[in-house]
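Remarks on the overall topology
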Amino acid sequence: VLFYSLAQWGNHWVSTVGYAVSDSPEGPFTPKGKVFDSREVNVENSIDQYFYEEDGKYYMLWGSFFGIYIMELDVTDDVMITPKLDTKRQIAGNAYEGINLWKRDGYYYLIGSCCEGQKSTYTTVVARSKDLFGPYVDKQGGQMLDNKHEVILHKNDRFVGTGHNSTLLEDDEKNTWMLYHAFELERLDAQRQVLLDRILWDEDGWPYVDKLEPSYGAFRPVIK
């Protein structure tokens, strides 16, 4: 299943999450229509979706600077996907987009990009919860609904706009890795580039990148 966003720039009420299916990850993919649009769920800028599955249930997290939301989905055997609108809940404030979810040691970690501005001020941030539907909190108990969070990664003197990361991944030795994008200051014409950094975990189980900034080099993921 390939999910995608379709939106009209500058009109936040014209935004849709759609999907297509294929028997192979290489395609070809056949469009199945929309999962929902912004007016159906009453959420502006309904893009940047993240699909999550647990215990036989399916969920979608989505949103971009107008609140982050979660909602359960109904998925049939022939992959017809419809939202369960009565399950919709806001779980983060209006400072975030490009979110994803990672579960580790009983916590759900909500990771996203914060505070984009005219000079690529993206920062990758996190809050966590024992419950999938929140509340997601920072180390002091402040809620992500109130735009409170912990920083995983921010800019340095080489890269800016460090955000919009993908889901975390584990290699074959259980090291955790994160793909994200950034602008390299000396190569701005290259536009957004994809970077890979290792996620570390502190003694209280919070994720971070070493020095909280993009590395210039790192050991490779272990793929056996």
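Above: the structure in question.
Notes on the structure follow. (Residues numbered from 1 in each chain as written. Predicted model: local features only at pLDDT ≥ 70, side-chain atom pairs only at ≥ 80, totals over all residues. Heavy atoms only, no water.)

Further remarks concern the packing of aromatic side chains. This structure, assessed with the given rule, holds 12 aromatic pairs. Each ring, one from F36 and one from W62, has its centre 4.7 Å from the other, and the planes form 50°; the classification is tilted. Here W62 lies in strand 5 (residues 57–62) and F36 lies in strand 3 (residues 30–37), a separation of 26 residues in the sequence. Accessibility expressed as a relative area gives 0% for W62, which makes it buried. Pairwise contacts between aromatic rings join F3, Y19, F51 and Y58 into one cluster. The aromatic ring of Y107 is capped on one face by R128, whose charged end is 3.8 Å from the ring centroid. (Phe/Tyr/Trp six-rings, centres within 6.5 Å; stacked < 30°, edge-to-face > 60°. Helix = DSSP H or I, 4+ residues; strand = E, 2+ residues; numbered from the N terminus. Buried < 20%, exposed > 50% of the residue type's maximum accessible area, 1.4 Å probe, protein only. Lys NZ or Arg CZ within 6 Å of the ring centre and 35° of its normal.)

It is worth spelling out the layout of surface pockets at this point. Within this model, the largest pocket holds a volume of roughly 450 Å³. Around the largest pocket, the lining comprises 17 residues; the ones closest to its centre are W9, N45, I47, S64 and E97. Of all elements in the fold, only strand 1 (2–8) and strand 15 (176–184) reach the threshold of two or more residues within the lining of the largest pocket. The computed volume of the second largest pocket comes to approximately 250 Å³. For the lining of the second largest pocket, a count of residues per class yields seven nonpolar, two polar and five charged. (1 Å grid on protein atoms, 1.4 Å probe; cavity = no way out; pocket = protein on both sides within 12 Å on 5 of 7 lines; lining within 4 Å. Points joined across faces, edges and corners; volume = space filled by probe spheres on them. Nonpolar A, V, L, I, M, F, W, Y, C, P; charged D, E, K, R; others polar.)

Strand order in this open sheet of three strands is 1-2-3, and the pairing throughout is antiparallel. The open sheet terminates on both sides in strands that have one partner only, identified here as strand 1 and strand 3. Adjacent strand axes in the sheet meet at a mean angle of 30°, parallel and antiparallel pairs treated alike. Pairing of strand 2 (residues 11–21) with strand 3, which is carried by six bridges, proceeds in the antiparallel orientation. Pairing of T16 across the sheet is with D37, part of strand 3. (Pairing = 2+ DSSP bridges. Axes fitted to C-alpha atoms, helices over the stretch in contact; angles between N-to-C directions.)

Here S129 shows up in strand 11 (residues 123–129). For S129, a relative accessible area of 4% gives the class buried. Excluding anything up to four places from it in sequence, S129 contacts G106, Y107, Y108, G134, P135 and Y136. (Contact = heavy atoms within 4.5 Å.)

Pairing within the open sheet is antiparallel, and its four strands lie in the order 9-10-11-12. Looking at which strands have only one partner, the edges of the open sheet turn out to be strand 9 (96–104) and strand 12 (150–153). The mean inter-strand angle of the sheet, taken between neighbouring strand axes irrespective of direction, is 30°. Direction of pairing for strand 10 (residues 107–114) relative to strand 11: antiparallel, over a ladder of seven bridges. Across the sheet, residue S113 finds its bridge partner in strand 11, namely T124.

Residue position: G67 is located in the loop between strand 5 and strand 6 (68–75). Its relative accessible area of 0% is what places G67 among the buried residues. Taking the C-alpha atoms as reference points, G67 and A95, 28 residues apart in sequence, are found 7.5 Å from one another. The residues touching G67, leaving out its near neighbours within four places in the chain, are W62, Q90, A92, G93 and N94.

What follows covers a nonpolar patch on the surface. On the surface, L169, L179, V194 and L196 cluster together to form a nonpolar patch covering roughly 350 Å² of accessible area. By secondary structure assignment, the location of L179 is in strand 15. A relative accessible area of 33% means that L179 is categorised as partly exposed. (Patch = residues over 30% accessible without salt bridge, like charges linked within 9 Å, V, L, I, M, F, W, Y side chains within 5 Å. Areas by Shrake-Rupley, 256 points an atom, 1.4 Å probe, with all protein chains shown as cover. Salt bridge = Lys/Arg side-chain N within 4 Å of Asp/Glu carboxyl O.)

For the structure on display, the rule yields nine salt bridges. Here K84 makes a salt bridge to E72, at a shortest N to O gap of 3.2 Å. Remark: E72 occurs in strand 6 and K84 occurs in the loop between strand 7 (81–83) and strand 8 (89–92); sequence separation between them is 12 residues. Close ionic contact of R104 with D105 constitutes a salt bridge, the shortest N to O distance being 3.6 Å.

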